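Fold and geometry: a report
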Amino acid sequence: MTEEFQNLYLDYSYRNQNHLLLGDGPLPFSMRHYIALMGAVVRSHSGLAKYNVDQFLYRGGNPLWLSSLDSVPPKLQNLREINEILATEPWLLTPSHISKLLRNPGIWSLAELMHAILILINIHSLSRFSAVYDLLKMEDACGYRLCSPLPENAASSGSSSESEPSPASHGGLVDCGINRAIFFSRYKEPVDGGKSLTPTNTEVLSYVEDTSMTYHEFRERLTSHKGSCFHFYDYSWQDHGYSLVNRLYMEFGDLLDEEFSVIQNESAALYVSNKADDAAAYTRAVWNYVFQLFGIQLEDYHRSEVNQRLSTELKAFIKLVSCFPERLHLSVFSRFLKDVKPAEKRHVNVLVQEALFQVLLLYSLRALCTLT
């Protein structure tokens with residue numbers, strides 16, 4: 001059941017990626033892949049970075065842009081700050097960041113900026129999801145409890161016979177019809193015992209201004225006045241964000257709204273935890289814990305419910321995936337998350353990505369809305 005739920009999420013993720021990278025929209029196709037490359041690199045996902053380099057060139061992108069971020073037009077250079085904020089501390093994103101892009105050299109239109117931000121958010125989410133996806137496949141291959149790191153050739157077992165598709169063989173895009181195993185075998189991260197999932201090509205680090213950046217505890221930032229609480233009922237997806245996305249980027253708001261609704265409903269119907277006597281409450285607890293980590297408050301939700309529904313170890317898993325994906329490796333799964341079953345990890349991984357997608361979306365849309 002959890003694999004079907006995971007595949008449902010993947011279907012929606014691929015559909016959205018298709019729309020963002022190949023569908024109608026204000027940005028040129030090569031620029032879309034360059035923006036996706038920026039998102040993949042800031043998330044330290046070398047597989048997705050390499051994929052988007054291939055597609056950028058296939059779509060006629062200028063190879064000089066790949067030498068460093070300083071080689072690209074100012075319009076894209078100016079997007080770097082927003083990309084890095086979204087990757088680590090989205091609560092710092094303000095209307096001033098948006099207005100700076102609208103008035104600086106190589107001016108962005110609001111529609112273009114919406115398109116670019118959606119690409120970044122999608123790639124940030126996909127990079128986190130695929131990191132856990134790969135590790136869960138390793139866990140499945142070796143049995144439930146991993147007691148030692150996998151041998152080097154285990155990471156590629158079962159995929160070596162797959163032929164790598166050329167860009168032309170699938171239109172240069174990972175679409176809903178492509179075999180998931182091909183995508184994740186070609187573009188997955190190298191998984192090696194205790195090593196973090198970091199880029200194998202150090203050149204891609206030139207796309208990141210601050211390579212030491214990482215998530216900081218929101219509560220600490222709040223204390224030091226480097227953040228403020230986001231009150232959900234002041235700005236929500238249903239009441240505010242949905243219409244703004246649809247207005248600036250065709251019908252993409254409809255696609256996202258359908259995804260959010262279906263994933264939450266299917267999750268509520270999925271019973272995977274012996275401690276969760278109410279699957280809907282379990283789903284809300286995961287969703288709201290992610291919101292709490294990033295400073296979003298739902299006034300009608302009691303924080304005590306998170307502790308009632310989620311074990312300490314499960315909360316550690318959620319926080320790791322949400323805030324520190326660069327620390328994901330097999331030894332963490334085997335030593336510290338051994339009591340969280342693979343089925344529950346798959347289920348929770350999807351919920352985390354959906355919640356985090358909405359976190360980044362809400363902070364971005366709130367910053368955009370004051371300028372529309």
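Keep in mind the model is a prediction, meaning the values are calculated, not measured.

It is worth spelling out the overall build of the protein at this point. Each helix and strand in the protein was counted, giving 16 helices and two strands. At a minimum sequence separation of 6, the contacts of the protein that also span at least 24 residues come to 77%. By element, 50% of the accessible surface of the protein is carried by carbon and sulfur atoms, the whole surface being about 15,200 Å².

Next up on the list: the packing of aromatic side chains. Inspection of the entire model under this criterion finds 11 aromatic pairs. Both rings, one in Trp237 and one in Tyr242, keep their centres 6.0 Å apart while their planes meet at 80°; by these two values the pair is edge-to-face. We classify Trp237 as buried; its relative accessible area is 1%. Grouped by ring-pair contacts, the aromatic residues Trp237, Tyr242, Phe260 and Phe357 constitute a single cluster. In this structure, Arg59 packs its charged tip against the face of Phe29, placed 5.8 Å from the ring centre.

This part covers the environment of Arg15. Mapped onto the elements of the fold, Arg15 is located in helix α1 (residues 2–22). Exposure remark for Arg15: the relative accessible area of 21% places this residue in the partly exposed category. Arg15 sits 240 residues away from Leu255 along the chain, and the two C-alpha atoms are 8.7 Å apart. Engagement of the side chain of Arg15 in a polar contact is seen with the backbone oxygen of Leu255, the distance being 2.9 Å. Among the polar contacts made by the side chain of Arg15, one reaches the side chain of Glu258 at a distance of 3.1 Å.

Quick look at the packing of helix α10 (residues 237–248) against helix α16 (residues 342–369) now. Interaxial distance between α10 and α16 falls to 10 Å at its minimum, and their mutual angle equals 70°. By the criterion of interaxial angle, the relationship of α10 to α16 is roughly perpendicular. Where α10 abuts α16, its residues Trp237, Gly241, Leu244 and Val245 lie against Gln358, Leu361, Leu362, Leu365, Leu368 and Cys369. In the contact of α10 with α16, the residues fall into eight nonpolar, two polar and no charged.

Moving on: the environment of Gln6. Its place among the elements puts Gln6 in helix α1. Among residues more than four places away in sequence, those in contact with Gln6 are Phe129, Tyr133, Arg346 and Val350.

Here the protein averages 76 in pLDDT, and 72% of its residues register 70 or above. Per-residue pLDDT stays below 50 along residues 144–205; that stretch engages in 125 contacts with residues further than four places along the chain or on separate chains. In the model, residues 272–276 has pLDDT below 50 throughout and makes 10 contacts with residues more than four positions away in sequence or in other chains.

Two numbers describe how helix α2 (residues 29–42) lies on helix α5 (residues 80–88): the axes approach to 10 Å, and their chain directions differ by 40°. For the element pair α2 / α5, the angle class is oblique. Read as a crossing pair, α2 and α5 show a hand that is right-handed. Only Arg80, Asn83, Glu84 and Ala87 of α5 make contact with α2, whose side of the interface consists of Met38, Gly39 and Val42. Here the contact of α2 with α5 is built from residues that sort into three nonpolar, two polar and two charged.

Moving on, we get to α16. In this model, α16 (28 residues) spans 40 Å end to end at C-alpha, consistent with the 40 Å of a helix rising 1.5 Å per residue. Summarising burial for α16: 25 of the 28 residues are buried, a large majority.

Here the focus is the side chain of Gln353. You can see Gln353 is positioned in helix α16. For Gln353, the side chain forms a polar contact with the side chain of Asn349, separated by 2.9 Å.

Once that is clear, we can look at the side chain of His115. Relative to the helices and strands, His115 is located in helix α7 (residues 110–142). At 3.2 Å, the side chain of His115 and the side chain of Tyr249 are in polar contact. Residues in contact with His115, not counting those within four places in the same chain, are Leu20, Gly25, Pro26, Leu27, Arg32 and Tyr249.

What is expected of a backbone is that most residues other than glycine have negative phi and most peptide bonds are trans. For Met250, which is not glycine, the phi torsion reads 45° and is therefore positive. Examined against the element boundaries, Met250 turns out to sit in the loop between α10 and α11 (252–268).

Calculation criteria
- Residues numbered from 1 in each chain as written.
- Predicted model: local features only at pLDDT ≥ 70, side-chain atom pairs only at ≥ 80, totals over all residues.
- Heavy atoms only, no water.
- Helix = DSSP H or I, 4+ residues; strand = E, 2+ residues; numbered from the N terminus.
- Contact = heavy atoms within 4.5 Å.
- Areas by Shrake-Rupley, 256 points an atom, 1.4 Å probe, with all protein chains shown as cover.
- Phe/Tyr/Trp six-rings, centres within 6.5 Å; stacked < 30°, edge-to-face > 60°.
- Buried < 20%, exposed > 50% of the residue type's maximum accessible area, 1.4 Å probe, protein only.
- Lys NZ or Arg CZ within 6 Å of the ring centre and 35° of its normal.
- Polar contact = N/O pair within 3.5 Å; in protein donor to acceptor, adjacent residues only side chain to side chain.
- Axes fitted to C-alpha atoms, helices over the stretch in contact; angles between N-to-C directions.
- Parallel < 35°, antiparallel > 145°, perpendicular 65-115°, else oblique.
- Nonpolar A, V, L, I, M, F, W, Y, C, P; charged D, E, K, R; others polar.
- pLDDT = per-residue confidence, 0-100.
- Left-handed = near helix turned anticlockwise from the far one by under 90°.
- Expected span 1.5 Å × (residues − 1).

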